[in-house]
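Here is what each chain is made of, one letter per residue.
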Amino acid sequence: METFSGEQRETATLLQRSPLIIAGPCSAETEEQVVETALRLKATGKVHALRAGIWKPRTRPGNFEGVGAQGLPWLQKAKELTGLPYGVEVATAKQLEEALRHDADFVWIGARTTANPFSVQEVADALQGVQLPVMIKNPVNPDMELWTGALERVMKAGIEAVALIHRGFSAYGHTDFRNAPMWQLAIEMKRRFPGLPFLIDPSHICGNRHLLQEVTQNAMDLDYDGLIIESHRDPDQAWSDASQQITPERLLTMLGDIVWRKEEVLSEEMHMHLEKLRHQIDRLDDELLRLLHDRMKISEQIGEYKKAHNITILQTERWNQILERVCRNGEKAGLSKEFITQYYDAIHMESIKHQDAIMNAHG
Ligand code: PEP
Ligand code: MN
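In this report, the structure presented in the accompanying data block is examined. (Residues numbered from 1 in each chain as written. Chains lettered and ligands numbered in written order. Predicted model: local features only at pLDDT ≥ 70, side-chain atom pairs only at ≥ 80, totals over all residues. Heavy atoms only, no water.)

## Looking at the coordination of the manganese ion (ligand 2)
Within the protein, the atoms that donate to the manganese ion (ligand 2) are Cys26 (SG), His204 (NE2), Glu230 (OE) and Asp241 (OD), at distances of 2.1 to 2.4 Å. Spacing between the donor residues of the manganese ion (ligand 2) along the chain follows C-x177-H-x25-E-x10-D. Of this pair, Cys26 sits in the loop between strand S1 (20-24) and helix H1 (31-44) while Glu230 is found in strand S8 (residues 226-230), placing the two residues 204 residues apart along the sequence. The residues Cys26 and Glu230 share a single accessibility class, namely buried. (Donors = N, O, S within 2.8 Å, 3.2 Å for Na, K, Ca; no water. Helix = DSSP H or I, 4+ residues; strand = E, 2+ residues; numbered from the N terminus. Buried < 20%, exposed > 50% of the residue type's maximum accessible area, 1.4 Å probe, protein only.)

Following this line, the structure appears as structure tokens:
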């Protein structure tokens with residue numbers, strides 16, 4: 001195997017940009033498509049780096065699986081013409097080697113790969129001795145440890161410029177998103193690795209065009225460091241992920257409409273105002289916890305009663321009544337049905353646990 005040990009790609013500084021904007025088609029399809037898209041992205045004046053999928057891991061066979069290594073020279077050409085660095089997804093040592101041989105400036109590990117420690121380790125081993133930015137997408141399943149593990153494997157390989165990409169998680173059942181954002185998991189990951197650049201991939205979260213702006217704005221409000229987004233010269237004709245891609249020109253408009261916020265709150269007055277509001281939130285959280293405690297205590301009393309009379313814990317009809325009632329009242333209080341359902345599901349599970357402990361207590 002060709003060795004790239006000692007290689008130092010120049011784009012280690014790429015990750016220091018904020019907001020960092022990486023854009024390009026889901027897949028490289030033809031040389032013309034790659035080059036035209038890249039030139040139009042360059043013309044926006046907003047894009048710092050190009051992306052394109054060369055090897056496409058598709059969940060089901062029969063979909064377009066990428067053009068393979070023949071697409072890399074197209075990206076090299078796009079890089080030459082635009083002066084923009086480029087990156088691709090790599091899932092094996094061989095793919096990494098091909099990407100490096102064709103002057104890729106950064107690589108990312110895709111969501112399906114992050115979910116597989118064998119593959120991540122293979123890529124990490126092949127990264128030994130090389131310095132280029134490596135971005136790690138969250139795994140398809142909502143598992144923080146897999147995401148953390150992939151990051152650790154890459155860092156242990158000695159890679160200094162690492163970043164995380166939040167691309168949403170697959171969820172059972174219908175949601176508004178192709179991959180549910182589950183913001184709380186991403187926020188926890190930001191908390192675990194505070195210094196690491198954190199990018200949003202709104203394309204794979206949304207799966208459509210109309211939510212892209214909203215999701216990107218949400219991420220910027222949460223102090224993300226940038227985005228990696230799919231953009232194609234002719235989205236409707238894209239060979240993969242057609243419904244979520246936008247033209248470079250539409251990307252420019254979208255970026256113009258985003259409010260870029262700063263985490264640093266400069267003035268003392270703003271700081272005081274926020275502190276006051278945060279204090280109120282903390283007080284309300286304490287109150288919520290106290291109410292939940294009281295609610296559990298009543299559940300436990302019901303558990304005692306059910307135990308004495310030998311009744312089952314789960315009573316579906318009663319549960320449906322509760323849900324209907326809280327959804328109705330929740331709506332009046334301006335809370336979405338999705339939120340109320342998730343919140344009450346969690347409360348319900350906890351109640352069942354408390355009742356279960358009582359019903360199955362010995363003595
Ligand atoms: C992609 O970026 O084109 C891709 C395949 O994404 P993910 O790994 O997040 O599904
Ligand atoms: Mn895609």
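More follows now that the structure is in view.
## Details of the sheet that holds strand S3 (residues 86-89)
An order of S1-S2-S3-S4-S5-S6-S7-S8 is seen for the 8 strands of this closed barrel, with the pairing classed as parallel. Pairs of neighbouring strands in the sheet enclose a mean axial angle of 25 degrees, with direction left out of account. Relative to S8, helix H9 (residues 212-221) is tilted by about 160 degrees, and along the sheet it contacts strand S7 (198-200) and S8. (Pairing = 2+ DSSP bridges. Axes fitted to C-alpha atoms, helices over the stretch in contact; angles between N-to-C directions. Contact = heavy atoms within 4.5 Å.)

## A closer look at the site of ligand 1
Around ligand 1 lies a shell formed by Cys26, Arg51, Lys56, Glu89, Trp108, Gly110, Ala111, Arg112, Lys137, Arg167, His204 and Glu230. A distance of 2.7 Å is found between an oxygen atom of ligand 1 and a side-chain nitrogen or oxygen belonging to Arg51. Between Lys137 and ligand 1, the recorded distance is 2.8 Å, taken from a side-chain N or O atom to an oxygen atom. For ligand 1, the accessible surface in isolation is 300 Å², of which the surrounding protein chains cover 98%. Looking at side-chain class alone, the shell around ligand 1 contains 3 nonpolar, 2 polar and 7 charged residues. (Near = heavy atom within 4 Å. Polar contact = N/O pair within 3.5 Å; in protein donor to acceptor, adjacent residues only side chain to side chain. Areas by Shrake-Rupley, 256 points an atom, 1.4 Å probe, with all protein chains shown as cover. Nonpolar A, V, L, I, M, F, W, Y, C, P; charged D, E, K, R; others polar.)

## So, helix H5 (residues 117-127)
Within H5, burial applies to Ser119, Val120, Val123, Ala124, Ala126 and Leu127. All buried residues of H5 lie within an arc of 165 degrees about the axis, which places them on one face of the element. Among the structural elements, helix H3 (93-101), strand S4 (106-109), helix H4 (111-114), strand S5 (134-137) and helix H6 (144-156) are those in contact with the buried residues of H5. You can read the cap of H5 off the contacts: a side-chain oxygen lies 3.0 Å from the backbone nitrogen of Phe118, and it is on Asn116. Backbone geometry just after H5 places Gly129 at a positive phi near 85 degrees. (Arc of directions from axis to C-beta.)

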